[in-house]
Amino acid sequence: MVSVSLSHFRQICYAHFFLSNRSLWAHVRRNVTTWTPVGAAFNAKPHRRLDLFEKNGLFGVPELSCPAGFQVATRIALKNTELLVEKACSCPPGVDTVQTFDQLSDGLCKVADLADFVKIAHPDPAFREAAEKTCIEIGTVVEKLNTNVDLCKSLKNLLDNPDIVAQLDPDTRRVAELFLFDFEISGIHLDDHLRKEAVALHVKLLDLNNEFLVGSHMPNRIARAAIPEHLHLYFENEGSFIQVGGLHADSPDDLVREIAYRIYLYPNADMMDCLEELLKCRYKLAKLVGYESYGHRALKGTMLTHNLFFFVCFFFACFPFLSHRTATDFKMMRYMKKKLSPRNSVRFKMVLSFIPIFCAMFFVRYNIEPSLYSPYLSLGTCMEGLNNLFSQLYGVSLMSEYPSAGEVWSEDVRKLAVVHETEGLLGYIYCDFFHRPGKPHQDCHFTIRGGRWCQETGQYQLPVVVLMLSLPHPTKSAPTLLTPGMMENLFHEMGHAMHSMLGRTRYQHVTGTRCPTDFAEVPSILMEYFATDYRVISHFARHYETGQPLPESMVARLCESKKVCGAADTQLQIFYAALDQIYHGKPQNRSTTEILKEMQQKFYGLPYMPNTAWQLRFSHLISYGAKYYSYLMSRAVASMVWKQCFIQDPLNRDMGERYRREMLAHGGAKEPMLMVEGMLQRQPTIEDFVDALVSELNPNFETFIMDSES
């Protein structure tokens, strides 16, 4: 009898999984390069495996094999919290103090962050409910800890002693200062009565944030009889009602878009009250702890050192032609509107009519119908492309692993080990890429466990993240085929993941994406530039049936198409950012809808649509409150990094290593602007940021020359 280890048996099963999936495509694939294990894992349905050996919990946490396990995990985390609080308050000031604080934070985050993901993504309502209770319970404890006078005193004893501070390494000092900052913005300096009031406001905001976040994604409904019967098939049925869960902006039918726009954005009184109360609570909390507004509180410690509204106004002052460019964009859309759809001229005057016109202009002018590109962009080949890119830039490989029974929340979730050629295993990425009923339609990155050096074990705690997309499943006749937009979103989210993997910080409080919001989007947006560079795409984009490469002219057209109405899109982002700032400034004594209407008139070229409340769908108000400008700021930084460091050779290993060393490795352990300066080797000005944004709008006439020659 031959003895086979469990790990070796898994390797044999996994090899069989790849071989069986390859045979699935034998009849449709001719002269195609054999997929790597990464490509095979994503280009076919997972092979069911019998659970013969062990049962595990979510993400390998033993307690989480059932919903009740969240209560157990919470109880363990809170018990450890009590011990670490006592240690932090009693140990002499020094490095051990900061390490204990980080260990305390890590213990709570490992449960809270995991629960934060499960409460929105798990298909089982019992798991979601248990996770939500855990989020509230741990969130309440965190708010109380942020106003714990004894804890704060132990940290101040450290930072107020110049001799001890002088002995700290830069990372430790930075993390100590960040922990103290958390105390300060939570109201630690207040008297007992006001401190309790601050905690109560924090706890109330936890509930309001969750209520708004859930409500912002809930569908609206209307009686079936109110909708023409031939349009029912476009929406979900709910008895005698029709559910509208989105804008259906890509629908070719004018009336479908109009119905979706009017119903999905129709004002909801409860949600309106929730948002109004949320903004009032944020303002009251900010004033209570000593800030002029919640916006001032939120911008503390970011790349932006002054009020964003100045940044927006400065943008227009320096580049008044942007408004002219936007007007030209809309004029072009009106022309295309008449040319492409002369009927329903009255209905097309609505704001929603312009959304498909963007698409129509792209398709007609540049011939970039997504179906022309998708056969070259199977999910598996795109993952192979990412694997090749990371290997070239950082010496990192993505390796498929078969998850243990109970480790994942859905059988179509893939698990990747991220392995460096010399450093070994860096962490794990769980890829929840495929659509399923009840799953949120959003692309996002979740930190499940942050990386940190564990003094108590003498080992590095490997980071664990989840990437969530909503892609179609592969079929028997074809793998999952991505549109260019889907492919770009995949690269974007993988940028977040690699930030988490490559940020080998000493402390989890500043690991990976745990950095200022306006810097956290830089690595992900930079990945979008790689996703549209032919020198990168040519390494993987192959037709899934013929093996033919994606023509360079098609990639060039795709890049140029983004500049169509680019000024209007940038102006739209400015409108969103300005609205976010006004909402989080001083109270306006008027409704959020009235504010939106005024801001839209001031900052955007399309009018407000009566009886709509887009702000109730603006879920970024929760996670990006007063910091939505981060997308503009990060895009400007990413543009500068791309043009100065990667545009000459996007696969340059030396530049990849420099990028990791200067920007990715530090997480939030270094001032973000210092990281940008280290990468660019100069100090950028506000004019540089604006130049970087506007230069994205300039057309490249070589594209048209290339098309004419071909």
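The shown structure was predicted, so the numbers you read here are calculated from the model rather than taken from an experiment.

Would you explain the overall build of the chain in this entry?
Across its full length, the chain carries 30 helices and ten strands. Each of the 710 residues in the chain was classed as buried or not, and the buried ones make up 55%. For the chain, the proportion of contacts with a sequence separation of at least 24, taken over those separated by at least 6, is 74%.

Would you mind going over the sheet that holds strand E2 (residues 236–238) with me for this structure?
Within a sheet, neighbouring strands are paired by backbone hydrogen bonds and run either parallel or antiparallel to one another. On the basis of which strands lie adjacent, the open sheet formed by three strands has the order E1-E3-E2 and antiparallel pairing. Strands at the two margins of the open sheet, each flanked by one partner only, are strand E1 (220–223) and E2. Strand after strand, the sheet turns through a mean of 35 degrees between neighbouring axes, direction not considered. Where E2 lies against strand E3 (residues 241–244), three bridges are found, and the strand directions are antiparallel. Bridge pairing in E3 places glutamate 238 opposite phenylalanine 241.

I would appreciate a short explanation of empty space enclosed by the protein in the present structure.
Rolling a probe over the atoms, with the probe sized like a water molecule, indicates the empty space that remains. By the definition in use, this model includes three cavities of 30 Å³ or more. As a volume, the largest cavity reaches approximately 60 Å³. In terms of lining, the largest cavity is formed by Phe390, Tyr394, Met494, Gly495, Met498, His499, Pro523, Leu526, Met527, Tyr659 and Leu664. Sorting the residues of the lining of the largest cavity by element identifies helix H17 (379–394), helix H18 (484–502), helix H20 (522–531) and helix H27 (653–664) as the ones contributing at least two each. The leading source of residues in the lining of the largest cavity is H18, at four residues. Size it by volume and the second largest cavity reaches roughly 40 Å³.

Can you help me understand the sheet that holds strand E10 (residues 464–471) in this one?
Judged by pairing direction, the sheet is mixed, and its five strands sit side by side in the order E4-E5-E6-E10-E7 without closing on themselves. Strands with a single pairing partner mark the edges of an open sheet, and in this sheet they are strand E4 (396–401) and strand E7 (444–449). For this sheet the average axis-to-axis angle between neighbouring strands, irrespective of direction, equals 30 degrees. The pairing of strand E5 (residues 414–420) with strand E6 (residues 424–434) spans seven bridges and is classified as antiparallel. Residue pairing for E6: leucine 416 is matched across the bridge by isoleucine 429.

Explain helix H26 (residues 630–646) here, please?
Two residues of an α-helix separated by three or four positions point the same way, owing to the 3.6 residues in each turn. Helix length check: H26, at 17 residues, gives a terminal C-alpha distance of 22 Å against a target of 24 Å (1.5 Å per residue), a fit within 8%. Counting buried positions over the 17 residues of H26 gives 13, a clear majority of the element.

Just to check I follow, could you spell out a negative patch on the surface for this structure?
A surface patch of like charges, here negative, comprises Asp207, Glu211, Asp270 and Asp273. Mapped onto the negative patch, the elements with two or more residues apiece are helix H9 (192–216) and helix H11 (269–288). Here aspartate 270 shows up in helix H11.

I keep staring at the packing of aromatic side chains and nothing clicks. Help me out?
When we look at a pair of aromatic rings, we describe it by the centre distance and by the angle of the planes. The final tally for this structure, using the stated rule, is 25 aromatic pairs. Between phenylalanine 101 and phenylalanine 179, the aromatic rings sit 5.5 Å apart at their centres with planes inclined by 50 degrees, giving tilted as the arrangement. With phenylalanine 101 in helix H4 (residues 95–121) and phenylalanine 179 in helix H8 (residues 170–185), this pair connects stretches of sequence that are 78 residues apart. In this arrangement the basic side chain of arginine 221 is found over the ring face of phenylalanine 241, its NZ or CZ atom lying 3.9 Å from the centre. In this structure, lysine 415 is placed above the aromatic ring of tyrosine 428, and the distance from its NZ or CZ to the ring centre is 4.5 Å.

What's the story with the pattern of salt bridges in this structure? I'm lost.
If charged atoms from side chains of opposite charge come close, those side chains can pair. Inspection of the entire model under this criterion finds 30 salt bridges. In this structure, arginine 452 engages aspartate 102 in a salt bridge whose closest nitrogen and oxygen atoms are separated by 3.4 Å. Taken together, the residues arginine 452 in strand E8 (residues 452–454) and aspartate 102 in helix H4 connect sequence positions 350 residues apart. For arginine 452, a relative accessible area of 3% translates into the label buried.

Help me understand the packing of H20 against H26 in this model?
When two helices pack together, their arrangement is given by the angle between their axes and by how far apart the axes lie. Interhelical geometry of H20 versus H26 gives an angle of 50 degrees and a closest axis separation of 8 Å. When the interaxial angle is binned, H20 and H26 end up oblique. Note that H20 runs across H26; the crossing there is right-handed. Here H20 contributes Val522, Ile525, Leu526, Glu528, Tyr529 and Phe530 to the contact with H26, which in turn contributes Tyr631, Ser634, Arg635, Val637, Ala638, Ser639, Val641, Trp642 and Phe646. Residue composition of the contact of H20 with H26, by class: eleven nonpolar, two polar and two charged.

Explain the side chain of serine 634 to me, please; I cannot follow it from the model alone.
Note on placement: serine 634 falls in helix H26. Take serine 634: its relative accessible area is 0%, and that puts it in the buried class. Sequence-distant contacts of serine 634, that is, excluding residues within four places in its chain, are made with Thr517, Asp518, Phe519, Glu521, Val522 and Ile525.

What's the story with unusual backbone geometry in this structure? I'm lost.
Phi at phenylalanine 59 is positive, roughly 55 degrees, even though this residue is not glycine. A relative accessible area of 12% places phenylalanine 59 in the buried class.

Would you explain the nonpolar core in this entry?
Soluble globular proteins tend to pack their nonpolar side chains together in the buried interior. By size, the foremost hydrophobic cluster in this structure holds 125 residues, and its most contacted members are Met383, Ile429, Phe433, Phe646 and Met663. Residues in contact with phenylalanine 646, not counting those within four places in the same chain, are Leu393, Leu526, Phe530, Val641, Met655, Gly656, Tyr659 and Met679. Listed in part, the 58 residues of the second largest apolar core include Ala112, Phe127, Cys152 and Leu168.

I tried to follow the confidence of the model for the chain on my own but got confused; where do I start?
Low pLDDT means the predicted atomic positions in that stretch should not be read closely. Predicted confidence across the chain gives a mean pLDDT of 84, with 83% of residues reaching 70 or more. Within the chain, H27 carries the highest mean pLDDT (98), whereas helix H1 (residues 6–24) carries the lowest (37). Low confidence marks residues 703–710, where pLDDT is under 50. Its contacts with residues over four positions away, or in another chain, come to ten contacts.

Hey, could you run me through the state of the cysteines in this one?
Linking two cysteines covalently via their sulfur atoms produces the bond known as a disulfide. Taken as a whole and judged by the stated rule, the model has zero disulfides. The thiol sulfur of cysteine 89 is not disulfide-bonded, and the nearest other cysteine sulfur, from cysteine 91, lies at 8.5 Å.

Just checking my understanding: could you explain the packing of helix H5 (residues 125–145) against H9 for this structure?
Where H5 contacts H9, the two axes come as close as 9 Å, and the packing angle between them is 155 degrees. Here H5 lies roughly antiparallel to H9, going by the angle between them. Here H5 runs over H9; the crossing is right-handed. Counted together, Glu132, Ile136, Gly139, Thr140, Glu143 and Lys144 of H5 and Val199, His202, Val203, Leu206, Asp207 and Asn210 of H9 form the full contact between these two elements. For the contact of H5 with H9, a count of residues per class yields four nonpolar, four polar and four charged.

Would you mind showing me how to read the side chain of serine 105 here?
By the element assignment, serine 105 lies in helix H4. Within the structure, the side chain of serine 105 is placed 2.7 Å from the side chain of glutamine 508, a separation counted as a polar contact. Ignoring anything within four residues of it in the chain, the contact list for serine 105 reads Phe179, Gln508 and His509.

Looking at this structure, how should I read the environment of threonine 612?
Note that threonine 612 resides in the loop between helix H24 (592–603) and helix H25 (620–623). Among all residues touching threonine 612, those that are not within four sequence positions of it are Tyr261, Leu265, Pro267 and Thr593. There is a polar contact of 2.6 Å between the side chain of threonine 612 and the backbone oxygen of methionine 609.

Thresholds, definitions, all that
- Residues numbered from 1 in each chain as written.
- Predicted model: local features only at pLDDT ≥ 70, side-chain atom pairs only at ≥ 80, totals over all residues.
- Heavy atoms only, no water.
- Helix = DSSP H or I, 4+ residues; strand = E, 2+ residues; numbered from the N terminus.
- Buried < 20%, exposed > 50% of the residue type's maximum accessible area, 1.4 Å probe, protein only.
- Contact = heavy atoms within 4.5 Å.
- Pairing = 2+ DSSP bridges.
- Axes fitted to C-alpha atoms, helices over the stretch in contact; angles between N-to-C directions.
- 1 Å grid on protein atoms, 1.4 Å probe; cavity = no way out; pocket = protein on both sides within 12 Å on 5 of 7 lines; lining within 4 Å.
- Points joined across faces, edges and corners; volume = space filled by probe spheres on them.
- Expected span 1.5 Å × (residues − 1).
- Patch = residues over 30% accessible without salt bridge, like charges linked within 9 Å, V, L, I, M, F, W, Y side chains within 5 Å.
- Areas by Shrake-Rupley, 256 points an atom, 1.4 Å probe, with all protein chains shown as cover.
- Salt bridge = Lys/Arg side-chain N within 4 Å of Asp/Glu carboxyl O.
- Lys, Arg positive; Asp, Glu negative; His and termini not counted.
- Charge placed at Lys NZ, Arg CZ, Asp CG, Glu CD.
- Phe/Tyr/Trp six-rings, centres within 6.5 Å; stacked < 30°, edge-to-face > 60°.
- Lys NZ or Arg CZ within 6 Å of the ring centre and 35° of its normal.
- Parallel < 35°, antiparallel > 145°, perpendicular 65-115°, else oblique.
- Left-handed = near helix turned anticlockwise from the far one by under 90°.
- Nonpolar A, V, L, I, M, F, W, Y, C, P; charged D, E, K, R; others polar.
- Core = buried A, V, L, I, M, F, W, Y, C linked by side-chain atoms within 4.5 Å.
- pLDDT = per-residue confidence, 0-100.
- Disulfide = S-S within 2.5 Å.
- Polar contact = N/O pair within 3.5 Å; in protein donor to acceptor, adjacent residues only side chain to side chain.

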